[in-house]
Amino acid sequence: MTWRPDPDALRDRIAVVAGATRGAGRGIAAALGEAGATVICTGRSSRTEPGGSDYDRPETIEETAELVTALGGRGIAYRVDHLDAEQVRTLADRLGSEHGRIDILVNDIWGAEVLKGPPPTWGRPMWEHDLADGLRIVRLGLETHLITSHAPLPLLTARPGGLLVEITDGTTEYNAARYRISVFYDLVKCAVNRLAFSHGHELAPFGAAAVAVSPGWLRSEMMLDNYGVTEADWRTALNADRADGRPPAPPGFAESETPRYVGRAVAAIAADRDRQQWNQRSLSSAELAREYGFTDVDQRQPDSWTG
């Protein structure tokens, strides 16, 4: 049986996806849009003010907002540098003035994919890393989340039912038993899980919930480019005899997922009247797919954490 999103599941909900330019953020914004939400898409990469991102890439927040609208929601793009507390306060003031509340806040800010380095550099002692690069990983992946929660959370608690989602890499359980790439990366991804736990403790008295959600192996725009494939032919990255001479992707890539999959995980929690059950929890997109029955865009339920 083919699974399809409910186009009215989040109709009239106001969502903010911080870090919506590409990757998981774009996938989350899109999935909220296909469920009917109004989605404020924020980030630094904008058609009107190019050059703000740490990445030299073409994606923009305006493209994401247009995708949200095309899928049945209402997409709105606001350029925000989430390391700048004043810009985030201005965003919160604007949201308060225009909408009076927010129902969903997704912290998906990252921007350190290049700084973490390619796989051959993973596992080096921290003293062999450039310290400035390491500290920027912490700022981009953790400080941004704190800044982005501070000003908008009063809008999320304006009425019961608000949802804060922290996007990370690896659940609390998974990361607790494994070292993740480097001291800097490991610290950030473990800390973001803990942020959901801490926020959930403070939000519960207001009838709001916080949850950490981790995608699996994400076929982001950058990942597809890394393997020289597109979403249409991504499986060719697994071929041992690739025409372009590139080495094949590891077998685990077969269980990779589109950014829409983690987006549907967020949308499923947001649409659940009993979403408070997930407060302070840390979950993967695959776990939530099994719980709610949604699929990726190809009708699969991939799980790269166990696959």
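Residues numbered from 1 in each chain as written. Predicted model: local features only at pLDDT ≥ 70, side-chain atom pairs only at ≥ 80, totals over all residues. Heavy atoms only, no water.

(A) Structural view of the overall build of the chain. Across its full length, the chain holds 10 helices and 7 strands. Relative to the globule expectation of 19 Å for 307 residues, the C-alpha radius of gyration of the chain, 18 Å, shows essentially globular dimensions. Each principal axis of the C-alpha atoms in the chain carries an extent, and together these give about 55 × 50 × 40 Å. With 307 residues in all, the chain has 54% of them scored as buried. Long-range contacts, defined as pairs at least 24 residues apart, comprise 72% of the intrachain contacts of the chain with a sequence gap of at least 6. (Helix = DSSP H or I, 4+ residues; strand = E, 2+ residues; numbered from the N terminus. Rg over C-alpha atoms; globule rule 2.2 N^0.38 Å. Buried < 20%, exposed > 50% of the residue type's maximum accessible area, 1.4 Å probe, protein only. Contact = heavy atoms within 4.5 Å.)

(B) Expanded view of the sheet that holds strand β2 (residues 38-43). The 7 strands lie next to each other as β3-β2-β1-β4-β5-β6-β7, forming an open sheet whose pairing is parallel. Because the sheet does not close on itself, it has two edges, and the strands there are β3 (74-79) and β7 (282-284). Sheet twist, expressed as the average angle between the axes of neighbouring strands with direction ignored, equals 20°. With 3 bridges joining them, strand β6 (residues 209-214) and β7 adopt parallel strand pairing. The residue of β7 that forms the bridge with Ser 214 is Ser 284. The strands that helix α10 (residues 285-292) touches are β6 and β7; relative to β7, the one it contacts most, it runs at about 80°. (Pairing = 2+ DSSP bridges. Axes fitted to C-alpha atoms, helices over the stretch in contact; angles between N-to-C directions.)

(C) Spatial organisation of the side chain of His 129. In this structure, His 129 sits in the loop between β4 (104-107) and α4 (131-150). Excluding residues that lie within four positions of it along the chain, His 129 makes contacts with Arg 124, Ser 182 and Phe 184.

(D) Here's a closer look at the pattern of salt bridges. Within this structure, the stated rule accounts for 23 salt bridges. Measuring nitrogen to oxygen at the nearest pair gives 2.9 Å for the salt bridge that ties Asp 54 to Arg 44. Here Asp 54 is found in the loop between β2 and α2 (61-70), whereas its partner Arg 44 is found in the loop between β2 and α2, with 10 residues between them in sequence. You can call Arg 44 buried: its relative accessible area is 15%. Through salt bridges with shared partners, one network takes in Arg 22, Arg 57, Glu 59 and Asp 225. (Salt bridge = Lys/Arg side-chain N within 4 Å of Asp/Glu carboxyl O.)

(E) Main features of the packing of aromatic side chains. Enumeration according to the criterion identifies 8 aromatic pairs in this entry. With 5.2 Å between their ring centres and 65° between their planes, Trp 217 and Phe 253 make a pair best called edge-to-face. Of this pair, Trp 217 sits in the loop between β6 and α8 (221-226) while Phe 253 is found in the loop between α8 and α9 (259-271), placing the two residues 36 residues apart along the sequence. Site record: aromatic cluster; members linked through ring pairs are Trp 217, Tyr 227, Trp 234 and Phe 253. In this structure, Arg 219 packs its charged tip against the face of Trp 234, placed 3.7 Å from the ring centre. (Phe/Tyr/Trp six-rings, centres within 6.5 Å; stacked < 30°, edge-to-face > 60°. Lys NZ or Arg CZ within 6 Å of the ring centre and 35° of its normal.)

(F) Inspection of the packing of α4 against helix α7 (residues 183-203) at higher detail. Running from N to C, α4 and α7 point in directions that differ by 15°, and their axes come no closer than 9 Å. With respect to their mutual orientation, α4 and α7 come out roughly parallel. As for the relative orientation of α4 and α7, their crossing is right-handed in sense. On the side of α4, the interface is formed by Leu 131, Gly 134, Leu 135, Ile 137, Val 138, Gly 141, Leu 142, His 145, Leu 146 and Ser 149, while α7 contributes Phe 184, Tyr 185, Leu 187, Val 188, Ala 191, Val 192, Leu 195 and His 199. Split into classes, the residues belonging to the contact of α4 with α7 amount to 13 nonpolar, 5 polar and no charged. (Parallel < 35°, antiparallel > 145°, perpendicular 65-115°, else oblique. Left-handed = near helix turned anticlockwise from the far one by under 90°. Nonpolar A, V, L, I, M, F, W, Y, C, P; charged D, E, K, R; others polar.)

(G) Examining the side chain of Arg 22 more closely. Note that Arg 22 resides in the loop between β1 (14-18) and α1 (23-34). When sequence neighbours within four positions are dropped, the list of residues in contact with Arg 22 reads Ser 45, Ser 53, Tyr 55, Arg 57, Glu 59 and Glu 221.

(H) Spatial organisation of the environment of Glu 49. Relative to the elements of secondary structure, Glu 49 occurs in the loop between β2 and α2. Glu 49 has contacts with Arg 44 and Arg 79, leaving out every residue within four places of it along the chain.

(I) Focus on the nonpolar core. One finds Leu 32 and Val 213 to be the most contacted residues of the largest nonpolar core, which totals 37 residues. The element contributing the most residues to this core is α9, with 8 residues. Those residues within four positions of Val 213 in sequence are excluded, and the remaining contacts are Val 165, Glu 166, Ile 167, Thr 168, Val 262, Ala 265, Ile 269, Leu 283, Ser 285 and Leu 288. Counting 21 residues, the second-largest nonpolar core is a separate cluster that includes Val 80, Leu 153, Leu 203 and Ala 210. (Core = buried A, V, L, I, M, F, W, Y, C linked by side-chain atoms within 4.5 Å.)

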